Amino acid sequence: MKVYGPDCLVDMSDSIVRESIIFVYCIISGYFFGLIYDVFRLYRRIVKHGKFWIDLEDLLYWLICFVISFCLLYYINYGVIRLFCVLGAAFGMWLYCKTIGRIFVRAGVRIFRIIIYPLCYVKNLLTKIGKQFTMILNNLAKGGVRACQQRETKRKKSLRLDK
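Now for a quick tour of the structure. (Residues numbered from 1 in each chain as written. Predicted model: local features only at pLDDT ≥ 70, side-chain atom pairs only at ≥ 80, totals over all residues. Heavy atoms only, no water.)

1. Describing the packing of helix α1 (residues 14–46) against helix α2 (residues 51–77)
At step 1: At a minimum axis distance of 11 Å, the contact between α1 and α2 shows a crossing angle of 165°. Between α1 and α2, the angle falls in the class roughly antiparallel. The element α1 and its partner α2 pack so that their crossing is right-handed. Facing α1, whose interface residues are R18, I22, Y25, C26, S29, F32, F33, I36, Y37, F40, Y43 and R44, α2 presents I54, E57, D58, L60, Y61, I64, C65, I68, S69, L72, I76 and N77.
At step 2: For the contact of α1 with α2, the residue count by class is 17 nonpolar, three polar and four charged. (Axes fitted to C-alpha atoms, helices over the stretch in contact; angles between N-to-C directions. Helix = DSSP H or I, 4+ residues; strand = E, 2+ residues; numbered from the N terminus. Parallel < 35°, antiparallel > 145°, perpendicular 65-115°, else oblique. Left-handed = near helix turned anticlockwise from the far one by under 90°. Contact = heavy atoms within 4.5 Å. Nonpolar A, V, L, I, M, F, W, Y, C, P; charged D, E, K, R; others polar.)

2. Considerations on the side chain of S29
At step 1: When you line up the elements, S29 lands in helix α1.
At step 2: Among residues more than four places away in sequence, those in contact with S29 are L72 and A89.

3. Comments concerning the nonpolar core
At step 1: Counting seven residues, the largest nonpolar core is built from I22, C26, L72, L73, I76, F84 and C85.
At step 2: Taken together, the elements giving at least two residues each to this core come down to α1, α2 and α3 (83–98).
At step 3: It is α2 that provides the largest number of residues to this core, a total of three residues.
At step 4: Counting five residues, the second largest nonpolar core, distinct from the first, contains F33, I36, F40 and C65. (Core = buried A, V, L, I, M, F, W, Y, C linked by side-chain atoms within 4.5 Å. Buried < 20%, exposed > 50% of the residue type's maximum accessible area, 1.4 Å probe, protein only.)

It is worth stressing that arrangement in space is one thing and function is another; only the former is reported here.
As structure tokens, this is what we get:
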């Protein structure tokens, strides 16, 4: 493959070009690993849970990273683990942390709150209305029972007076 350098046309061997492409794929996978971890962090901030579940999520995260790394290295590098692959993934994670990673979790929590708070307000409002409605129905039922009891009492009194 011919690549244009600063001064002239340079011949690069196919293996260097191939390793460069693999390095770029490793950077992209590292970036993706950072994104996956931030999704787990966002979930942890939204849904509070204990140490056991956090440990289980971390185990799941590393399992996902392992499977992605294994598949990537197996298909593009014939399963050979090279230092530049590990460095590429680490660089991708660092790059993610310095770019989108700084705002992803905070923005995700804010967006979640923007969506959830109105829904919670509506839920609380409907709960209050439901309680008021239930109270009105109970009062009507109690009033109806009282009215029936009063009618029954009047009927019994009238029956006694008629005798």
